[in-house]
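# Coordinate analysis (summary)
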Amino acid sequence: MALSLAVSPCPNDTFVFHALVHGLIPGAAAVDLTFADVDVTNTAAERGEFDLVKVSYAALPWLLDTYELLPCGGALGRGCGPLVLTRDGHDGDLTSATVAVPGDRTTAYLLFRLWAQGNAPKRIEVVPFDQIMPGVADGTYDAGLVIHEARFTYQRYGLSALADLGEWWESDTGLPIPLGAILARKGAVDPQEAAEWIRTSVSMAWANPAASREFVLAHAAELEPAVVDQHIALYVNEFTLDLGKDGLAAANVLLSRAAEIGISPAVRL
């Protein structure tokens with residue numbers, strides 16, 4: 001029976017999981033793939049819907065009874081944090097603003113809440129991330145919290161970056177920013193085996209990028225190839241292969257800070 005896997009259709013995920021999804025790894029289980037935005041997978045994982053699933057690090061306190069964190073396959077790094085965007089000329093005061101965010105248990109939103117203490121917005125709206133920049137541009141929202149490839153395209157909408165939350169996080173902690181995690185459902189898959197499959201899939205993607213190109217571009221249809229390449233280069237890095245000491249420390253600092261101000265239950269990875 002195939003294992004169920006849920007990841008985003010973003011280029012970093014399709015690049016990383018191409019070999020595993022396409023049965024190219026000897027001895028690996030067959031995989032039944034579902035594409036979903038992270039706000040969807042965060043919620044689905046609470047119901048235990050997938051055997052392997054990409055979620056936000058911010059969602060882990062609600063998921064670790066059912067899932068185990070894998071030390072690979074996720075999205076961490078430097079210079080890759082979410083941005084707070086406004087229309088040109090905005091004064092930066094968010095206290096009377098409506099801010100669009102990509103999910104209420106995303107790492108992006110958790111970072112925003114940590115950063116915005118003392119400048120908390122009047123209203124938050126959860127919006128699919130591809131609708132955030134157009135909504136800020138047309139005045140539906142005063143500001144927007146964006147992730148992924150929006151880092152490379154927001155100027156096209158006449159928007160300005162009020163804050164780079166990755167830069168803020170790194171200057172404050174010295175650690176990489178923990179964005180997306182891969183979890184294995186307890187009792188459904190051996191976590192050590194799954195980690196080896198994923199590491200092999202990452203290594204194969206790096207060794208032969210052309211092999212996954214058609215698959216990656218097919219699910220990033222609205223992105224130019226150059227933007228796809230930027231996206232992969234930024235989000236697929238040494239932490240994708242192994243969280244390591246710094247990656248694990250980053251996740252623990254993020255979650256401990258959230259617990260300290262009452263945003264989430266306390267956990268230790």
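The coordinates are above.
Structure report, in brief. If you're wondering where the values come from, they're calculated on a predicted model, not measured in any experiment. (Residues numbered from 1 in each chain as written. Predicted model: local features only at pLDDT ≥ 70, side-chain atom pairs only at ≥ 80, totals over all residues. Heavy atoms only, no water.)

Here we come to the overall build of the protein chain. Looking only at helices and strands, the protein chain has eleven helices and eleven strands in total. The C-alpha atoms of the protein chain give a radius of gyration of 18 Å, which matches the 18 Å a tight globule of 269 residues would have. Along the longest, intermediate and shortest principal axes, the C-alpha atoms of the protein chain span 55 × 40 × 30 Å. A buried classification covers 53% of the 269 residues belonging to the protein chain. Of the contacts formed within the protein chain by residues at least 6 apart in sequence, a portion of 79% connects residues at least 24 apart. Per element, the accessible surface of the protein chain, about 11400 Å² overall, is 49% carbon and sulfur. The centroid of the 17 positive side-chain charges in the protein chain is displaced by 5 Å from the centroid of its 33 negative side-chain charges. (Helix = DSSP H or I, 4+ residues; strand = E, 2+ residues; numbered from the N terminus. Rg over C-alpha atoms; globule rule 2.2 N^0.38 Å. Buried < 20%, exposed > 50% of the residue type's maximum accessible area, 1.4 Å probe, protein only. Contact = heavy atoms within 4.5 Å. Areas by Shrake-Rupley, 256 points an atom, 1.4 Å probe, with all protein chains shown as cover. Lys, Arg positive; Asp, Glu negative; His and termini not counted. Charge placed at Lys NZ, Arg CZ, Asp CG, Glu CD.)

In this fold, Glu-170 is placed in helix H6 (residues 165–173). In contact with Glu-170, not counting residues within four places along its chain, are Gly-77, Arg-78, Gly-79 and Leu-175.

This part takes up the side chain of Asp-164. Mapped onto the elements of the fold, Asp-164 is located in strand E10 (residues 159–164). Exposure remark for Asp-164: the relative accessible area of 15% places this residue in the buried category. At 2.9 Å, the side chain of Asp-164 forms a polar contact with the backbone nitrogen of Gly-166. There is a polar contact of 3.1 Å between the side chain of Asp-164 and the backbone nitrogen of Glu-167. (Polar contact = N/O pair within 3.5 Å; in protein donor to acceptor, adjacent residues only side chain to side chain.)

To continue, consider the pairing of strand E1 (residues 3–7). The side chains of a regular strand alternate, residue by residue, between the two faces of the sheet. With respect to burial, E1 is a largely interior element, five of its five residues being buried. Side chains of E1 alternate between two faces, with Leu-3, Leu-5 and Val-7 and Ser-4 and Ala-6 buried alike. Where E1 lies against strand E2 (residues 31–35), five bridges are found, and the strand directions are parallel. Across the sheet, Ser-4 pairs through a bridge with Asp-32, a residue of E2. Handedness of the E1-helix H1 (residues 11–21)-E2 crossover: right-handed. (Pairing = 2+ DSSP bridges. Right-handed = clockwise from strand over helix to strand, strands pointing away.)

Next up on the list: the packing of aromatic side chains. Tallied over the full model, the rule gives three aromatic pairs. When the ring of Phe-35 is compared with that of Phe-215, the centres are 6.3 Å apart and the planes differ by 35°; the resulting orientation is tilted. With a gap of 180 residues between them, Phe-35 in strand E2 and Phe-215 in helix H8 (residues 209–218) connect regions that are remote in the sequence. Residues Phe-112 and Trp-115 carry aromatic rings whose centres are separated by 5.8 Å and whose planes lie at 45° to one another, so their mutual orientation is tilted. (Phe/Tyr/Trp six-rings, centres within 6.5 Å; stacked < 30°, edge-to-face > 60°.)

A side chain with one charge may pair with a side chain of the opposite charge, provided their charged atoms come close. Using the criterion set out here, one finds ten salt bridges in the structure. The shortest N-O distance in the salt bridge between Glu-49 and Arg-47 comes to 2.5 Å. A salt bridge links Arg-123 to Glu-125; its shortest N-O distance comes to 3.2 Å. According to the relative accessible area criterion, Glu-125 is partly exposed, its value standing at 23%. Taken together, the shared-partner salt bridges in this structure form one network comprising Glu-196, Arg-199 and Asp-242. (Salt bridge = Lys/Arg side-chain N within 4 Å of Asp/Glu carboxyl O.)

Attention now goes to the pairing of strand E7 (residues 98–101). The side-chain alternation of E7 yields two buried faces, one formed by Thr-98 and Ala-100 and the other by Val-99 and Val-101. Pairing between E7 and strand E8 (residues 123–126): four bridges, direction parallel. Considered in E8, the bridge of Ala-100 is made with Glu-125. Alignment of E7 against strand E9 (residues 143–146), held across two bridges, turns out to be parallel. Following the sheet pairing, Val-99 is matched in E9 by Ala-143.

For the pair H1 and helix H7 (residues 191–207), interaxial distance at closest approach is 7 Å and the crossing angle is 110°. Between H1 and H7, the angle is such that the two are roughly perpendicular. Here the hand of the crossing between H1 and H7 comes out right-handed. Counted together, Phe-15, Val-16, Phe-17, His-18, Ala-19 and Leu-20 of H1 and Trp-197, Ile-198, Ser-201, Val-202, Met-204, Ala-205 and Trp-206 of H7 form the full contact between these two elements. Taken together, the residues of the contact of H1 with H7 sort by class into eleven nonpolar, two polar and no charged. (Axes fitted to C-alpha atoms, helices over the stretch in contact; angles between N-to-C directions. Parallel < 35°, antiparallel > 145°, perpendicular 65-115°, else oblique. Left-handed = near helix turned anticlockwise from the far one by under 90°. Nonpolar A, V, L, I, M, F, W, Y, C, P; charged D, E, K, R; others polar.)

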